[in-house]
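# Breakdown of the fold
Each chain is listed here by its residues.
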Amino acid sequence: MEVTLKLGDVLNLNKALKAIIDDVDINIDVLLKFKLLGIMKEIENHVSNFSVICNEKIMEYGTKDAEGNIGIPSENKESIKKFNDEMRKMTDSTVNINVMKLKTNEIFDKGIKAEYLIGLYPIIEE
């Protein structure tokens, strides 16, 4: 099923999926874990592309420090504003992902923290 989401929601989804999969205290069954990994794989390109562009913009607006690391200094308000504006444009853009939505009985009452469920919300069937 094709789902249209804002890129920001996809990034939050990725964060939640990674947290659930990496959390050893959550005991989810293998089928759910397999499904969550499949969703992560589906959104992988969007997350990777965001990261590449984000790094390019840091290099564009940033400066090198004494150790050779590139970053945007907090006192450079103009560069920070430009960087944030461009990131916001990206995260507000829409992307299509092809995933089967999660059913409530697959995901609720499985010991998954509420903060993770909020990240999954865009792909949970109502």
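Now for a look at the structure at hand. None of these values were measured; they are calculated from a predicted model.

Helix and strand counts for the chain stand at five helices and four strands. Taken over the C-alpha trace, the chain has a radius of gyration of 17 Å; the compact-globule value for 126 residues is 14 Å, which it surpasses by more than 25%. Seen along its three principal axes, the alpha-carbon backbone of the chain occupies a region of about 50 × 30 × 20 Å. A total of 126 residues make up the chain; the buried ones form 33% of that total. Across the chain, contacts joining residues at least 24 apart in sequence account for 68% of those joining residues at least 6 apart. For the chain, the computed accessible surface area is about 8,400 Å², with 52% contributed by carbon and sulfur atoms. In the chain, which carries 17 positive and 22 negative side-chain charges, the distance between the mean positions of the two groups comes to 2 Å.

Residues Val 3 and Leu 5 line the buried face of strand E1 (residues 2–6), whereas the alternating positions Glu 2, Thr 4 and Lys 6 sit on a face that is not buried. Across five bridges, E1 lies against strand E4 (residues 94–98) in antiparallel orientation. Its bridge partner being in E4, Glu 2 is matched across the sheet by Asn 98.

Applying the stated rule across the entire model yields ten salt bridges. One salt bridge connects Lys 18 with Asp 22, and the closest N-O pair in it is separated by 2.7 Å. Of the two residues, Lys 18 and Asp 22 both sit in helix H1 (residues 7–22), four residues apart, roughly one turn of that helix. Here Lys 18 falls in the partly exposed class, since its relative accessible area comes to 43%. Taken together, the shared-partner salt bridges connect Lys 57, Glu 60 and Glu 86 into one network.

Rules and cut-offs
- Residues numbered from 1 in each chain as written.
- Predicted model: local features only at pLDDT ≥ 70, side-chain atom pairs only at ≥ 80, totals over all residues.
- Heavy atoms only, no water.
- Helix = DSSP H or I, 4+ residues; strand = E, 2+ residues; numbered from the N terminus.
- Rg over C-alpha atoms; globule rule 2.2 N^0.38 Å.
- Buried < 20%, exposed > 50% of the residue type's maximum accessible area, 1.4 Å probe, protein only.
- Contact = heavy atoms within 4.5 Å.
- Areas by Shrake-Rupley, 256 points an atom, 1.4 Å probe, with all protein chains shown as cover.
- Lys, Arg positive; Asp, Glu negative; His and termini not counted.
- Charge placed at Lys NZ, Arg CZ, Asp CG, Glu CD.
- Pairing = 2+ DSSP bridges.
- Salt bridge = Lys/Arg side-chain N within 4 Å of Asp/Glu carboxyl O.

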